[in-house]
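Chain residues, written in single-letter form:
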Amino acid sequence: MKAVCWLGIEKMSVETVPDPEIINPRDAIVRITSTAICGSDLHLYNGYVPTMEQGDIMGHEFMGEVVEVGPGVNKEKLKIGDRVVVPFTIACGNCFFCKHQLWSCCDNSNPNYWIAEKMMGYSPSGLFGYTHMMGGYAGGQAQFARVPFADVGPLKIPSGIPDDKVLFLSDIFPTGYFGALNCDIKPGDTVAIWGCGPVGQFAIRSAFMLGAERVIAIDRFRYRLQQAEQGGAETINYEEVDSVLGTLKEMTSNIGPDSCMDAVGMEAHGKGLTYLLDKAKQAVKVETDRPLVLRECIQACRKGGTVSVPGVYAGFDDMIPLGAFMNKGLTLKTGQTHMMRFMGDLFQRIQNDEIDPSFVISHRVPIDRAPEMYKIFRDKQDRCTKVVLDPWTNGHAA
Amino acid sequence: MRSNSDSYSHNRRDSASYPKSFVAGRWGAIVAGGALAAFGLSRRSGGGLALAIAGGGIALAGAKARPYLEPFSAHSSILVNCSREEAFQRWSKFEDFPRFMHHVESVTNLGDGRYRWVAVGPADTPVQWDAQVETIRENELIEWHTLPNSQITVNGRVEFTKEPDERGTSIHVSIEFAPPAGPLGYSVASLFGKDPSFLIRQDLRRFKALLEAGEVPTTEGQPHGPRSAAIAALRFVNPDRPPRKEPRLSENLESQRGIA
Ligand SMILES: NC(=O)c1ccc[n+]([C@@H]2O[C@H](COP(=O)([O-])OP(=O)(O)OC[C@H]3O[C@@H](n4cnc5c(N)ncnc54)[C@H](O)[C@@H]3O)[C@@H](O)[C@H]2O)c1
Ligand SMILES: [Zn+2]
Ligand SMILES: [Zn+2]
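This text gives an overview of the structure that appears in the document. (Residues numbered from 1 in each chain as written. Chains lettered and ligands numbered in written order. Predicted model: local features only at pLDDT ≥ 70, side-chain atom pairs only at ≥ 80, totals over all residues. Heavy atoms only, no water.)

Comments concerning the interface of chain A and chain B
Right, on to step 1. If you look at the interface, chain A gives 58 residues, while chain B gives 47 residues.
Right, on to step 2. Between chain A and chain B lies a buried interface of about 4,700 Å² when both sides are counted; carbon and sulfur atoms form 55% of it.
Right, on to step 3. The largest per-residue losses of area from chain A upon contact with chain B belong to I23(A), Y113(A) and W114(A), which jointly make up 14% of the total buried on that side.
Right, on to step 4. Put simply, chain A and chain B have six salt bridges between them.
Right, on to step 5. Across the chain A-chain B interface, the total number found is 17 residue pairs in polar contact (both at pLDDT 80 or more). (Contact = heavy atoms within 4.5 Å. Buried area = accessible area lost by both parts, 1.4 Å probe. Salt bridge = Lys/Arg side-chain N within 4 Å of Asp/Glu carboxyl O. Polar contact = N/O pair within 3.5 Å; in protein donor to acceptor, adjacent residues only side chain to side chain.)

Structure follows, in structure tokens:
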């Protein structure tokens, strides 16, 4: 089959690899009909998350049709022919964490848990196509994928509703929603959201769903800010203001947003000395992340407010303003999304026409063009917001 | 005996009698390897894991050089979401141990509470010992010790305690190990040359996964793109590399799985 493989930093390649097989009793094989590139994949593309290996198959946002099931799969939950969206977190369904709906913390899905324990004390769940520390599972930017614990994660989708509308139930829609939920929104609240990528876009819409009065979205790309405005947000282009903090103060009568969301993560862009310092430290590996946005969120949040962090961080970060965090009595909420908590509900909202997630798609291309699309998406060229890959049509440059 | 973290205690008795250079070399390798592993894990490049594994490999090689001629003990514990009865029952079937103890090839019931253990030894030579179940307290405790005339001594003890609020059962395992003297001791010791607590912990993780999830998670046998020779070589020193080839479900259960 064809698969997008990581061959090194900024080196993606579509390779022909063997088809996946059932390895464990609860596995299923899915024939993929649509798959997407995520902002999280860019962290791997740029080489900032440790424990990638040359030859790893990328991708964690995919859907398709079940073509094979192992003997241990609960036949009432999943069978051959089912059309499914596969969540990016892999969970067993029966450990302490799964029982508590902390799906992205499952104890039994990461075979390389001991690597993660070295970095984090305890290991989160396995993820598709996301480093060996997170399990080393082959990903879904391919024609087929092996899905472990297939009777736990995958959500069945009836025919008649197009892939484009449901594909993002695999990650970014629930992630934006979880980010908004973590803001602990009360009636009348103002939520500030850094990052107007796909995660930010879904976070904006989810914040309104959860009853926010105002959403203020921050980015520097006009086309993304426009999309935020279409979702009902007020916007700040951080390149056009002296300080985001000052602007937010002005916009909130000096009280500050009730909650602040970092939908940017470890590769924040910025200006000034701290940005250059972070970049330099990251380059020589004394710091894994550039936590500019996290710092800003903590500074900007009103006293007693909540900081929500759907943006991905990988390791160790400097100069986090813990003084502000502590003295203002803030709450911090974060995590890889506990996917299965939200997929069913959000699918209902799609079916009820409350939202059509396909609005984020800017590019649809054959899988062969994935390597060039990584670059275009990374550099936000060509008004790129979200790339969907078709695994089955052939074709290079159109 | 109960402790929350893994512990590993080495009988200090004769470590002083090793030549200084040997001891220095060993600790040098462990320390350098550990640092390399830590560095590798925090590196940006794809060589990160490679370095980490290489570092780990050096650390292991350091540990392996340890002439395990004195007895040692290792301990680990784990929380499993199951009743004490279930945990006890599963652990009472010694014959099933190879399902989660990857270094154990087979355990055969000889009757009268006696079992023959065969482990995967260095260069695929089997190592064997007979053990007698000594104490068995229903749902609480199992203890076994090695019978005389065995190649090596491996005494074990497992305890089951109920955790509050339906959290399940904590399982505490202690192993005492004594290799024989002489060249056999060295070769057999390399079987346990990896950090023994790590091995026990791995076994316990697999036991937990079997009970909770019905299977042990793995990515062995999945497809991937071209790997570099260096990565392939370094995978070899991965401390978690399975000692024997797992039977593939796709081969064994051909008739049971469904294919569209
Ligand atoms: N928690 C989870 O489970 C989860 C799931 C999916 C994605 N993510 C993470 O969410 C983050 C965003 O993902 P995405 O797909 O939207 O990525 P993206 O790259 O498309 O979007 C990131 C946006 O942040 C903006 N940005 C950069 N620096 C900024 C700054 N200083 N202030 C304001 N905006 C800034 C960029 O201009 C860009 O528009 C990533 O870190 C990704 O890894 C997390
Ligand atoms: Zn993603
Ligand atoms: Zn679980």
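Remarks on the site of ligand 1
All names here are of chain A.
Right, on to step 1. Near ligand 1 lie 32 residues; those nearest to it are S40, D219, H269, P310 and K380.
Right, on to step 2. In this structure, G39 approaches ligand 1 through a main-chain N or O atom, which is 3.0 Å from an oxygen atom.
Right, on to step 3. For ligand 1, the protein covers 95% of the area, taking 870 Å² as the surface of the free molecule.
Right, on to step 4. Put simply, the parts of the chain that give the shell around ligand 1 at least two residues each are α1 (39–45), α6 (198–209) and β12 (214–219).
Right, on to step 5. Here the shell around ligand 1 takes four residues from α1, the largest share from any one element.
Right, on to step 6. Here the residues of the shell around ligand 1 sort into 16 nonpolar, 12 polar and four charged.
Right, on to step 7. Taken domain by domain, the makeup of the shell around ligand 1 includes at least three residues from each of domain 1 (2–171 + 337–390) and domain 2 (175–334). (Near = heavy atom within 4 Å. Areas by Shrake-Rupley, 256 points an atom, 1.4 Å probe, with all protein chains shown as cover. Helix = DSSP H or I, 4+ residues; strand = E, 2+ residues; numbered from the N terminus. Nonpolar A, V, L, I, M, F, W, Y, C, P; charged D, E, K, R; others polar. Domains from an automatic or database assignment.)

Here's the deal with the packing of aromatic side chains
Right, on to step 1. Inspection of every chain in the model, using the stated rule, returns 26 aromatic pairs over all chains.
Right, on to step 2. Aromatic side chains W114(A) and F198(B) sit 5.8 Å apart centroid to centroid with 80° between the ring planes, which places their arrangement in the edge-to-face category. One end of the pair, W114(A), is in helix α3 (residues 113–120); the other, F198(B), is in helix α5 (residues 196–213), on a second chain.
Right, on to step 3. Linked through ring pairs, W91(B), F94(B), F97(B), F100(B), Y115(B), W117(B), W129(B), W144(B) and F207(B) together constitute an aromatic cluster.
Right, on to step 4. Positioned above the aromatic ring of W392(A), the side-chain terminus of R31(A) is 4.1 Å from the ring centre.
Right, on to step 5. If you follow R205(B) out to its NZ or CZ, it ends over the ring of Y113(A), 3.9 Å from the centre. (Phe/Tyr/Trp six-rings, centres within 6.5 Å; stacked < 30°, edge-to-face > 60°. Lys NZ or Arg CZ within 6 Å of the ring centre and 35° of its normal.)

A word on the side chain of T146(B)
Right, on to step 1. Note on placement: T146(B) falls in strand β6 (residues 141–146).
Right, on to step 2. Those residues within four positions of T146(B) in sequence are excluded, and the remaining contacts are W129(B), D130(B), A131(B), I152(B), T153(B), V154(B) and N155(B).

Observations regarding the coordination of the zinc ion (ligand 3)
Residue and element names in this part refer to chain A.
Right, on to step 1. The protein atoms that coordinate the zinc ion (ligand 3) are C92 (SG), C95 (SG), C98 (SG) and C106 (SG), at distances of 2.3 to 2.5 Å.
Right, on to step 2. For the zinc ion (ligand 3), the four donor atoms are set out with angles of 102 to 116° between them, so the coordination reads as tetrahedral.
Right, on to step 3. Along the chain, the residues that donate to the zinc ion (ligand 3) are spaced as C-x2-C-x2-C-x7-C.
Right, on to step 4. The buried category is assigned to C98, whose relative accessible area is 3%. (Donors = N, O, S within 2.8 Å, 3.2 Å for Na, K, Ca; no water. Tetrahedral: all angles 85-135°; square planar, octahedral: opposite > 155°, others 65-115°. Buried < 20%, exposed > 50% of the residue type's maximum accessible area, 1.4 Å probe, protein only.)

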